[in-house]
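Working through the structure, step by step
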Amino acid sequence: MATRKTQKRATAKAAMKKAAMKKTATKRTAGRKVVKLAAGGKAKRAAVRANGLPKPSTKAWGKAGKALDGVRILDFTHVQAGPTCTQLLAYMGADCIKVERPGVGDITRGQLRDVKGADSLYFTMLNGNKRSITIDSKHPKGKEILNRLIKHCDVLVENFGPGALDRMGLTWEHIHKTNPRMIVASVKGFGPGPYEDCKVYENVAQCAGGAASTTGFRDGPPLVTGAQIGDSGTGLHVAFGIVSALYQRVRTGRGQRVLCAMQDGVLNLARVKLRDQQRLAHGPLTEYSQHGEGIPFGEAVPRGGNDSGGGQPGWILKCKGWESDPNAYTYFITQAPVWGAICDIIGKPEWKTDPDYATPNARLPRLRHIFDTIEQWTMTKTKFEVMDICNAVDIPVGPILSMREIAEEPSLRKTGTVVEVDHPTRGKYLTVGNPIKMSDSITEVRRSPLLGEHTEEILGKELGYSKAEIAEIKASGAITAPEKGARAEAA
Ligand code: COA
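Quantities reported herein were computed from a predicted structural model and do not represent experimental measurements.

Structural notes on the environment of Gly 191
On the secondary structure map, Gly 191 appears in the loop between strand E7 (183–188) and helix H8 (202–208). For the pair Gly 191 and Gln 263, spaced 72 residues apart in sequence, the C-alpha to C-alpha distance is 7.8 Å. Once you skip the residues sitting within four places of it in the chain, Gly 191 turns out to touch Glu 196 and Ala 261.

In structure tokens, the structure reads:
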């Protein structure tokens with residue numbers, strides 16, 4: 001039984017613990033949630049052990065909010081490279097406020113239009129889950145609103161031509177002084193150097209980043225690829241930079257600049273070709289089919305056609321129906337460990353022991369002949385039959401899927417990779433949902449905003465302007481479309 005003395009001591013101890021718990025340091029996370037860190041005693045040690053994190057949530061998976069809840073993005077992006085980045089952040093839960101020029105908006109709203117008078121798919125598929133505010137960034141009142149937004153947001157993302165943000169008066173120095181916590185992320189065509197002032201679009205980046213010189217067939221010109229590795233690829237890189245900067249800010253309390261040049265982003269994706277460039281100094285690139293064909297290499301990495309680019313040779317082969325269907329093809333990889341299975345399937349069991357075919361090195365000089373022989377078999381099957389037969393014995397193959405097939409693929413709809421959304425002026429359309437699936441941050445894809453759809457909501461609810469002030473701003477011309485003549489000029 002506890003004595004009066006021990007009871008007293010326990011009460012005192014409990015009181016001290018309570019006081020220590022009360023004396024808490026508050027800490028801002030990347031978002032707006034406040035995590036209380038215990039400042040003393042056992043609780044402090046526990047907090048240190050937990051790396052300053054709150055207790056693991058007991059909410060059901062997917063019910064604990066979204067990964068970037070509370071993060072506010074001042075989205076100054078346009079065309080593709082920037083919008084891809086901010087759409088991904090919005091998919092992850094960030095509140096993305098897209099600033100657009102009054103009456104004009106992101107130029108892509110009107111580009112490649114398929115439905116008269118409605119925002120194009122170019123725009124709608126890159127700007128889902130965002131809000132739109134129109135502001136003339138060069139108007140004095142517009143500048144004032146932007147300054148409020150800078151104070152209000154965590155990240156500014158832009159992909160204007162070089163110097164455009166500075167010309168708006170939004171220099172890094174100004175932004176950092178206005179909101180030292182703000183992260184300023186930029187996409188530019190080139191990094192510092194001889195081309196830093198150049199404007200750049202997708203294919204320019206594919207060429208300047210080294211990808212085009214290595215794409216296509218040896219006897220043809222360089223080729224650009226359909227995947228937008230310059231724009232969407234760079235957007236992805238910048239999104240990673242922003243999330244990293246948000247994480248660092250938790251420790252440092254300050255923002256920083258994040259820059260990804262499209263040339264650098266493309267090169268990062270084409271890094272295996274820079275690998276091959278260095279290997280050239282030590283001899284021919286034996287896995288390229290040109291080696292087997294006895295064609296010598298030049299000084300630079302050649303175009304590899306459909307060669308695999310990895311250690312396992314591969315090629316694109318015709319399948320049943322190729323004469324009329326431009327996508328009746330399969331990619332076929334002659335992965336060494338399943339060589340025996342390949343020989344059996346294509347009816348060449350003797351190749352398993354024939355010294356000319358039995359080992360990867362022996363096969364290298366005769367890859368063309370090997371793939372021609374495999375093709376004789378694939379041409380008797382549809383690309384889906386090839387997929388079923390080969391995958392059953394672990395042979396890696398891939399059907400060439402058309403965009404039509406992708407749009408109709410039920411499994412992609414089921415996972416939310418392809419999503420149908422409804423839009424007030426264009427009706428239903430397909431978009432690509434979040435390709436990154438997270439168990440505790442579930443993406444709900446929403447349609448893109450109409451031009452300026454959220455202007456008043458953001459001015460009033462977020463920035464605290466009164467109704468009278470909003471009316472005054474409207475009258476000033478800072479958020480409304482310019483006169484018709486001026487609009488045509490701006491477009
Ligand atoms: N209010 C007023 N003016 C605005 C505005 C607003 N809300 N939003 C943009 N503007 C102005 C800018 O201030 C700038 O004017 P300025 O050059 O007179 O100072 C102009 O509109 C935009 O310029 P810019 O970004 O250079 O557009 P562009 O159509 O001439 O060039 C790109 C387009 C894509 C080539 C160029 O933006 C670029 O090189 N961006 C970086 C690389 C990139 O992202 N490329 C891929 C795009 S998918």
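Description of the pattern of salt bridges
Applying the stated rule across the entire model yields 24 salt bridges. Where Arg 109 meets Glu 100, a salt bridge forms, and the shortest distance between an N and an O atom there is 2.6 Å. Glu 100 carries the same exposure label as Arg 109, and that label is buried. Arg 131 is the partner of Glu 462 in a salt bridge, and the nearest nitrogen-oxygen pair spans 2.9 Å. Note that Glu 462 is positioned in helix H19 (residues 455–462) and Arg 131 in strand E5 (residues 130–134), a separation of 331 residues in sequence. Here Arg 131 falls in the buried class, since its relative accessible area comes to 13%. Put simply, Asp 95, Arg 131, Glu 457 and Glu 462 are held in one network by salt bridges that share partners.

Remarks on unusual backbone geometry
Although it is not a glycine, Leu 112 sits at a positive phi angle of roughly 55 degrees. Within the fold, Leu 112 resides in the loop between strand E4 (95–100) and helix H4 (121–124). Within the chain, Asp 394 stands out as a residue other than glycine whose phi angle is a positive 70 degrees. Mapped onto the elements of the fold, Asp 394 is located in the loop between helix H16 (383–392) and strand E11 (397–399). Overall, Asp 394 belongs to the exposed group, its relative accessible area being 57%.

Remarks on helix H5 (residues 140–152)
Helix length check: H5 (13 residues) gives 19 Å between terminal C-alpha atoms against 18 Å at 1.5 Å per residue, within 8%. What H5 keeps buried is the set Gly 142, Ile 145, Leu 146, Leu 149, Ile 150 and His 152. Mapping the buried residues of H5 onto a view down its axis gives an arc of 160 degrees, with all of them on the same face. Those residues of H5 that are exposed and aimed more than 90 degrees away from the buried face are Pro 140 and Lys 151. Looking at the buried residues of H5, the elements they touch are strand E3 (72–76), E4, helix H7 (172–178), H19 and helix H20 (467–476).

Brief notes about the packing of helix H9 (residues 232–252) against helix H10 (residues 262–269)
Where H9 meets H10, the closest approach of the two axes is 9 Å, and the angle between their N-to-C directions is 95 degrees. Classified by the angle between their axes, H9 and H10 sit roughly perpendicular to one another. Within the contact between the two elements, H9 uses Gly 233, Thr 234 and His 237 and H10 uses Met 262, Gly 265, Asn 268 and Leu 269. For the contact of H9 with H10, the residue count by class is two nonpolar, five polar and no charged.

Points about the sheet that holds strand E9 (residues 314–318)
Spatially, E9-E10-E11 is the arrangement adopted by the three strands of the open sheet, whose pairing is antiparallel. Edge strands, defined here as strands with exactly one partner in the open sheet, are E9 and E11. The average angle at which neighbouring strand axes cross in this sheet is 20 degrees, direction not considered. Looking at chain direction, E9 and strand E10 (residues 329–333) are connected through five bridges and run antiparallel. Bridged to Lys 318 within E10 is Tyr 329. Strands in contact with H16 are E10 and E11; relative to E11, the strand with the most contacts, it is inclined by about 160 degrees.

Thoughts on a positive patch on the surface
A contiguous patch of positive charge, built from Arg 101, Lys 138, Lys 143, Arg 167 and Lys 199, is present on the exposed surface. Along the chain, the position of Lys 138 falls in the loop between E5 and H5. With relative accessibility at 60%, the residue Lys 138 sits in the exposed group.

Section: the environment of Gln 80
Relative to the elements of secondary structure, Gln 80 occurs in the loop between E3 and helix H3 (81–91). Classification of Gln 80 as buried rests on a relative accessible area of 7%. A C-alpha to C-alpha distance of 9.8 Å links Gln 80 and Met 125, two positions 45 residues apart in sequence. When residues no more than four places from it in sequence are discounted, the contact partners of Gln 80 are Tyr 122, Leu 126, Gln 228, Asp 231 and Ser 232.

About the cut-offs
- Residues numbered from 1 in each chain as written.
- Predicted model: local features only at pLDDT ≥ 70, side-chain atom pairs only at ≥ 80, totals over all residues.
- Heavy atoms only, no water.
- Helix = DSSP H or I, 4+ residues; strand = E, 2+ residues; numbered from the N terminus.
- Contact = heavy atoms within 4.5 Å.
- Salt bridge = Lys/Arg side-chain N within 4 Å of Asp/Glu carboxyl O.
- Buried < 20%, exposed > 50% of the residue type's maximum accessible area, 1.4 Å probe, protein only.
- Expected span 1.5 Å × (residues − 1).
- Arc of directions from axis to C-beta.
- Axes fitted to C-alpha atoms, helices over the stretch in contact; angles between N-to-C directions.
- Parallel < 35°, antiparallel > 145°, perpendicular 65-115°, else oblique.
- Nonpolar A, V, L, I, M, F, W, Y, C, P; charged D, E, K, R; others polar.
- Pairing = 2+ DSSP bridges.
- Patch = residues over 30% accessible without salt bridge, like charges linked within 9 Å, V, L, I, M, F, W, Y side chains within 5 Å.
- Areas by Shrake-Rupley, 256 points an atom, 1.4 Å probe, with all protein chains shown as cover.
- Lys, Arg positive; Asp, Glu negative; His and termini not counted.
- Charge placed at Lys NZ, Arg CZ, Asp CG, Glu CD.

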